[in-house]
Amino acid sequence: MKSLKSNPQSDNWSLESWKTKAIRQQATYPDQAHLDKALSTLSSLPPLVTSWEVKRLKSYLAEVSRGERFLVQGGDCAESFADCNSSIISNRLKVLIQMSLVLIHGCQIPVVRVGRFAGQYAKPRSADLETRDGVSLPSFRGDIVNQNEFTEASRIPNPDKMLEAYHYSAMTMNFIRALVAGGFADIRHPEYWNIEWVKHSKSAEKFSQLVTEIKDSVQFAEVLVGTKVHNLSSVEFFSAHEALHLHYEQALTRTVPRQDGHFNLSAHFPWIGLRTNQLDSAHVEMMRGIENPIGVKIGPETDDDHLIDLCRTLNPENEAGKLTLIHRFGAKNIENNLPRLIKTAQRANLDVVWCADPMHGNTEATSNGYKTRRFENISKEVELSFKIHKENGSHLGGVHLELTGENVTECLGGARALQEADLSKAYTTQVDPRLNYEQALELAFSIKDFFHQ
Ligand code: PEP
Ligand code: MN
């Protein structure tokens, strides 16, 4: 494919060039010396992922762009340091493994699993300050910046939290790597993925039947060919987060021996959020210079020119797998917007992965004051995404979800038909409402059906 633009490395990009652009959604640290010291420590610590892994993910995403693989991306809206424990991390993996198995089996397509984890600690906010009873304090911007508690001491941004975020990310990644390498995902031991608190769930029962079928098929194949099928215990997980906190992202963006360019080694797949995707944005500047596959969120306000400019800036070589467009319109708005953006990308010959985020355009407030999402709207947006891509000669490459393996009550509906009055039972998210285990698995079974429609 013809190159669209010159190489960013020779185009005035540097690790610091983001500072000359429009900087949005950043914390204001009161003590520059303290910030410099934390960043100097962070810059000297080892990376959390390697360039080989980053390149492997990019090659998987190139397969996604060709329709040969499906992307499943999911995890918390905002990870919290307090949730960095064995059961929460492993339950999240279990949901992602179960969902991906449903899709591999149901769609007969390999899946690439990307978690919103091991670094999803920074959040964009609608205002810099939050006011309660006449007192104004800095908004909570995620555990990497400050604490949620509404006191001055908690809300003032503290640079040491970046170091804590790095350490929690490393612990999370370490545990995930060890679980996966140790056979946690072995298809012969699906009992490893049972989630303890789940009792009498229709989706879980359906999943268990599916696993029995797969185990039987494996056994049959092994008897038939007379050898054991190897490699059934290894699945890969890649890490992802919104690359929002630019000091943190810069400190973990490195050059690597014997490789060209810079790699952001804080995660395999950093993405640019909707609030920072403007063409003049410091975030776009930072991300255009790295070798990683990257995502960018787009929504109803993304016009056709913006889409083309974003693709040409972030993926100047039009490289397959490099850029994922994560669209989040809301079930009501997708039909008015997705067709035009697909056609625009086709006219400009842009090689991109299309991924549906059915969460962020479907957020609403209940009468009793909860931020929630309706399962039916989430499911509808995924269904429409498949349909619209197909009708326009494109294909949906994956889904981007906010989910947890915990028994939370944050989204309405689903198999248990959660009602507004149920939300208070277990509403524990720090920011946005997540699908609980049952809702996530139910959605995977629906995705399998949408895939074939
Ligand atoms: C998010 O992914 O949590 C988020 C803030 O999304 P968006 O940038 O699409 O609003
Ligand atoms: Mn969110």
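In this text the structure is predicted, and so the values were computed from the model without any measurement.

A.B. asks: Break down helix α3 (residues 86-107) for me, with residues and values.
C.D. replies: Between its first and last C-alpha, α3 extends 31 Å over 22 residues, near the 32 Å set by a 1.5 Å rise per residue. Here α3 lies mainly inside the structure; 18 of its 22 residues are buried. The backbone nitrogen of Ser87 has a side-chain oxygen 3.2 Å away, supplied by the residue at the start of α3, namely Asn85. Looking one or two places after α3, you find Gln108, whose phi comes out positive at around 55 degrees.

A.B. asks: Go over the coordination of the manganese ion (ligand 2), please, and point to the residues and values.
C.D. replies: Coordination sphere of the manganese ion (ligand 2), protein contribution only: Cys77 (SG), His360 (NE2), Glu402 (OE) and Asp432 (OD), at 2.1 to 2.5 Å. Binding-site remark: the manganese ion (ligand 2) is held by donors from one chain whose sequence spacing is C-x282-H-x41-E-x29-D. On the criterion of sequence distance, the pair formed by Glu402 in strand β14 (residues 398-402) and Asp432 in the loop between β14 and α12 (437-452) is long-range, its members being 30 residues apart.

A.B. asks: Talk me through the sheet that holds strand β5 (residues 237-242); I want residue IDs and the actual numbers.
C.D. replies: Reading around the barrel, the eight strands line up as β1-β2-β5-β8-β9-β10-β11-β14 and close back on themselves, with parallel pairing between neighbours. For this sheet, the mean angle separating the axes of adjacent strands, direction not counted, is 25 degrees. Bridge count for strand β8 (residues 269-272) against strand β9 (residues 294-298) is two bridges, and the pairing is parallel. When the bridges of β9 are listed, Ile272 appears paired with Val296.

A.B. asks: Kindly report on the side chain of Arg141, identifying the contributing residues and their values.
C.D. replies: The residue Arg141 is located in the loop between β4 (135-138) and α4 (152-155) in this model. Setting aside chain neighbours within four positions, we find Arg141 in contact with Gln25, Gln26, Ala27, Tyr121, Ala122, Lys123, Arg125, Ala127, Asp128 and Asn146.

A.B. asks: So, empty space enclosed by the protein: which residues are in play, and what are the values?
C.D. replies: Applying the stated criterion across every chain, the model contains three cavities of 30 Å³ or more. Looking at the largest cavity, its volume works out to about 50 Å³. Gln25, Gln26, Ala27, Ala122, Lys123, Arg141, Val145, Leu244 and His245 are the residues that line the largest cavity. A class-by-class count of the residues in the lining of the largest cavity yields four nonpolar, three polar and two charged.

A.B. asks: Which residues make up the site of ligand 1, and what are the values?
C.D. replies: What surrounds ligand 1 is a group of 13 residues, the closest being Arg116, Lys123, Leu274, Lys297 and Arg328. Within the side chain of His360, an N or O atom sits 3.0 Å from an oxygen atom of ligand 1. The separation between an oxygen atom of ligand 1 and a polar side-chain atom of Glu402 is 3.1 Å. In isolation ligand 1 offers 300 Å² of accessible surface; the protein chains occlude 98% of this area. Here the residues of the shell around ligand 1 are counted per class, giving four nonpolar, two polar and seven charged.

A.B. asks: Lay out the UniProt feature "binding site: Mn(2+)" (unreviewed entry) in the protein chain with the relevant residues and their values.
C.D. replies: Here the UniProt-annotated "binding site: Mn(2+)" (unreviewed entry) positions come out as Cys77, His360, Glu402 and Asp432. A maximum C-alpha distance of 9.9 Å places the annotated residues, which cover 356 residues in sequence, within one compact spot. Tracing the backbone through its elements, the reader meets Cys77 in the loop between β1 (70-75) and α3. For Cys77, a relative accessible area of 0% gives the class buried. Excluding residues within four positions of it along the chain, Cys77 makes contact with Arg116, Gln120, Lys123, Glu402, Val431, Asp432 and Arg434. Exposure remark for Asp432: the relative accessible area of 8% places this residue in the buried category.

A.B. asks: Go over the packing of helix α11 (residues 375-391) against α12, please, and point to the residues and values.
C.D. replies: It is the contact of α11 with α12, at a shortest axis distance of 10 Å, that shows an interaxial angle of 25 degrees. Relative to α12, the element α11 lies roughly parallel. Classified by chirality, the crossing of α12 by α11 is right-handed. Here α11 contributes Phe375, Ile378, Ser379, Val382, Glu383, Phe386 and Lys390 to the contact with α12, which in turn contributes Gln439, Glu442, Leu443, Ser446, Ile447, Phe450, Phe451 and His452.

A.B. asks: Any chance you could break down unusual backbone geometry for me, citing the residues and the numbers?
C.D. replies: Phi is positive for Asp133, close to 45 degrees, though the residue is something other than glycine. Of the residues examined, Asp133 reaches a relative accessible area of 83% and is grouped as exposed. In this structure, Arg258 is a non-glycine residue whose phi angle is positive, near 65 degrees. The residue Arg258 is located in the loop between β6 (253-255) and β7 (262-264) in this model.

A.B. asks: Residue-level account of the UniProt feature "binding site: phosphoenolpyruvate" (unreviewed entry) in the protein chain, with values.
C.D. replies: Taking the UniProt record as the reference, the feature "binding site: phosphoenolpyruvate" (unreviewed entry) is found at Arg116, Lys297 and Arg328. With respect to the element layout, Arg116 can be found in strand β2 (residues 111-116). Residue class for Arg116 comes out buried when judged on its relative accessible area of 1%. Filtering out sequence-adjacent residues up to four positions away, Arg328 remains in contact with Leu274, Lys297, Ile298, Gly299, Pro300, Asp357, His360, Gly361 and Glu381.

A.B. asks: Help me get a handle on the environment of Asp11, residues and values and all.
C.D. replies: Here Asp11 lies in the segment before α1 (32-44). Sequence separation between Asp11 and Phe70 is 59 residues, and the spatial gap between their C-alpha atoms is 33 Å.

A.B. asks: Quick one: what's the story with the nonpolar core, residue by residue and with numbers?
C.D. replies: Within the largest apolar cluster, 54 residues are counted, with the highest numbers of intra-cluster contacts made by Phe70, Phe237 and Leu435. Of all elements in the fold, only β1, α3, α5 (160-181), α6 (202-225), α11, β14 and α12 reach the threshold of two or more residues within this core. At 10 residues, the largest contribution of residues to this core is made by α3. The next biggest cluster of nonpolar side chains, apart from the first, holds 32 residues, and it includes Ile272, Ile298, Leu310 and Leu341.

Reading the values: the criteria
- Here the residue index of a chain counts from 1 through its sequence in written order.
- Chains carry letters and ligands carry numbers; both start at the beginning, A for chains and 1 for ligands, and go up in the order they are written.
- Per-residue local features of the predicted model are confined to residues with pLDDT of at least 70, and side-chain atom pairs are confined, for both listing and counting, to 80 or more; whole-chain, interface and lining totals are unaffected and use all residues.
- The side-chain numbers reported here are obtained from all heavy atoms of the structure, hydrogens and water having been left aside.
- Numbering of helices and strands starts at the N terminus; helices are DSSP runs of H or I of at least 4 residues and strands are runs of E of at least 2.
- Multiplying 1.5 Å by the residue count of a helix minus one yields the expected span of that helix.
- When a residue's accessible area, from a 1.4 Å probe over protein chains only, is under 20% of the maximum for its type it is buried; when over 50% it is exposed; and in between it is partly exposed.
- Counting of polar contacts relies on pairs of N or O atoms within 3.5 Å, with two restrictions inside protein: one atom must be capable of donating a hydrogen and the other of accepting it, and residues adjacent in sequence are counted only when both atoms are side-chain atoms.
- Listed donors are limited to N, O and S atoms within 2.8 Å of the metal, widened to 3.2 Å for Na, K and Ca; water is not among them, so incomplete-looking sites are possible.
- By the convention used here, strands pair only if DSSP detects at least 2 bridges between them.
- Here an angle of 0 to 180 degrees is reported between the N-to-C directions of two axes, which are lines fitted to C-alpha atoms, with helices fitted over the stretch in contact.
- Note on contacts: a residue pair is in contact if any heavy atoms of the two residues lie within 4.5 Å.
- Computed over the protein atoms alone on a 1 Å grid, cavities are sets of points where a 1.4 Å probe fits but cannot get out and pockets are open sets with protein on both sides within 12 Å along at least five of seven lines; a residue lines them when it has an atom within 4 Å of a point.
- Grid points are joined across faces, edges and corners, and a volume is the space filled by probe spheres set on the points.
- Three classes are used: nonpolar for Ala, Val, Leu, Ile, Met, Phe, Trp, Tyr, Cys and Pro, charged for Asp, Glu, Lys and Arg, and polar for all others, with Gly counted as polar.
- Here a residue counts as near a molecule or strand whenever at least one of its heavy atoms sits within 4 Å of it.
- Only the protein chains shown count as covering a residue, and every accessible area follows the Shrake-Rupley method with a 1.4 Å probe.
- UniProt positions are given in the numbering used here, feature names are shortened, and annotations may be inferred rather than shown by experiment.
- When describing relative orientation, an angle under 35 degrees is termed roughly parallel and one over 145 degrees roughly antiparallel, while 65 to 115 degrees is termed roughly perpendicular and anything else oblique.
- Note: crossing handedness is left-handed where the near helix turns anticlockwise from the far helix by less than a right angle, and right-handed where it turns clockwise.
- As used in this record, nonpolar core signifies buried Ala, Val, Leu, Ile, Met, Phe, Trp, Tyr and Cys residues forming a set joined through side-chain atoms within 4.5 Å.

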